[in-house]
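Each chain, letter by letter, is given below.
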Amino acid sequence: MKVTLKILLAAAVVVLVYLCYKSITGPIEFNNEKEARDNAIIARLIDIRKAQIEYKNVYKTHAGSFDDLEKFLNEKKLPIVIKDGVLSDEQLEKGMTEKKAVALIEKAKKTGNWKEVEKEGLTGFKRDTSWVLAKDTLLGANYDVANMRYVPGVPGDKIEFHMDTATLKSGSGYEIKVFVCEVPFKSYLRDLDPQLTYNLIDKAEKQGKYPGLRVGSLDEINNNAGNWE
């Protein structure tokens, strides 16, 4: 009987030590893993924002779906100005501008008369426009556009970001196009400690904040800010 009691006491001590250990290391491990996932997700949301801003510059509205955004990145070409030479302070003081300089050079190309270009000291001044795929310009030639819609760093089945668009009115009555792209804690922390995840969600909701990571908003004009910024 005494031996059995000793074994039970020893087992209880082991369990107690383990629980104490987990109560200390559990939140640390949770926070470390959450931070790693947060960083990866934020980087992806920044890429999506960059693409959406350029999409709006071209089409005057945001992409309503990832299919539209991917098509834009993979097919649309954007102008890139290749610059060679700069205007000196003296040229600027005399009223020369890049627009005027380019106009003089274009005129010289057409007429073959380069005297005015030489007179203005613009011989080494060049501004050429190249057209490059939006993906290459904004995100890099090796960027995996097809994977953009998925939340990175989460094991298991892929999670897709929720994205939507809307039109809001500013205080002065102007219509402003807005978009949102987001993923909730309950999705990208789904395999981590449920109590600690619940605590995060509960805290955010009590503070009136979105319980997850988000860029942009459909409820307010926030200049496409991320809720981590």
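Reference entry: report on the structure contained in this document.

What counts, and at which threshold
- Residues numbered from 1 in each chain as written.
- Predicted model: local features only at pLDDT ≥ 70, side-chain atom pairs only at ≥ 80, totals over all residues.
- Heavy atoms only, no water.
- Salt bridge = Lys/Arg side-chain N within 4 Å of Asp/Glu carboxyl O.
- Helix = DSSP H or I, 4+ residues; strand = E, 2+ residues; numbered from the N terminus.
- Buried < 20%, exposed > 50% of the residue type's maximum accessible area, 1.4 Å probe, protein only.
- Pairing = 2+ DSSP bridges.
- Axes fitted to C-alpha atoms, helices over the stretch in contact; angles between N-to-C directions.
- Expected span 1.5 Å × (residues − 1).
- Arc of directions from axis to C-beta.
- Polar contact = N/O pair within 3.5 Å; in protein donor to acceptor, adjacent residues only side chain to side chain.
- Phe/Tyr/Trp six-rings, centres within 6.5 Å; stacked < 30°, edge-to-face > 60°.
- Contact = heavy atoms within 4.5 Å.

So, about the pattern of salt bridges. Counted by the stated rule, this structure contains 12 salt bridges. For the salt bridge of arginine 37 with aspartate 191, the shortest nitrogen-to-oxygen distance reads 2.8 Å. With arginine 37 in helix H1 (residues 2-59) and aspartate 191 in the loop between helix H7 (185-188) and helix H8 (194-206), this residue pair connects regions lying 154 residues apart in the sequence. We classify aspartate 191 as partly exposed; its relative accessible area is 41%. Ionic pairing is found between arginine 49 and glutamate 229, a salt bridge with its closest N-O pair at 3.1 Å. Taken together, the residues span a long stretch of sequence, with arginine 49 in helix H1 and glutamate 229 in the segment after strand E5 (212-216) at a distance of 180 residues. According to the relative accessible area criterion, glutamate 229 is exposed, its value standing at 57%. One salt-bridge network, held together by shared partners, links Asp67, Glu70, Arg149 and Glu160.

It is worth spelling out the sheet that holds E5 at this point. Ordered in space as E3-E4-E5, the 3 strands form an open sheet in which the pairing is antiparallel. With partners counted over all chains shown, the strands left at the sheet margins are strand E3 (162-169) and E5, one partner each. Across the sheet, the axes of successive neighbouring strands diverge by a mean angle of 25 degrees, strand direction being ignored.

Attention shifts here to H8. Each turn of an α-helix holds 3.6 residues, which means side chains three or four residues apart point in the same direction. Along its 13 residues, H8 runs 18 Å from first to last C-alpha, staying within 8% of the 18 Å computed at 1.5 Å per residue. Among all positions of H8, only Leu196, Thr197, Ile201 and Ala204 are buried. The buried residues of H8 occupy an angular sector of 140 degrees when the element is viewed end-on, so they sit on one face. Counted as exposed and oriented over 90 degrees from the buried face of H8: Lys203 and Lys206. Structurally, the start of H8 carries an N-cap: the backbone nitrogen of glutamine 195 is 2.9 Å from a side-chain oxygen of aspartate 193. Once H8 finishes, glycine 208 follows within two positions and takes phi at roughly 70 degrees, a positive value.

This paragraph deals with the packing of aromatic side chains. By the definition in use, this model includes 4 aromatic pairs. Ring plane angle 70 degrees and centroid distance 6.0 Å describe the contact between tyrosine 59 and phenylalanine 72, whose orientation is recorded as edge-to-face. You can see tyrosine 59 sitting in helix H1 and its partner phenylalanine 72 sitting in helix H2 (residues 66-75), a full 13 residues away along the chain. On the accessibility criterion, tyrosine 59 (40% relative accessible area) is partly exposed. Seen from their ring centres, phenylalanine 185 and tyrosine 188 are 5.9 Å apart, and the 50 degrees between their planes marks the pair as tilted. Here tyrosine 188 and phenylalanine 185 lie together in helix H7, a separation of 3 residues that amounts to about one turn.

Between its first and last C-alpha, helix H4 (residues 98-111) extends 20 Å over 14 residues, near the 20 Å set by a 1.5 Å rise per residue. The inward-facing, buried residues of H4 abut helix H5 (115-119). Immediately beyond the C-terminal end of H4, within one or two residues, lies glycine 112, with a positive phi of roughly 80 degrees.

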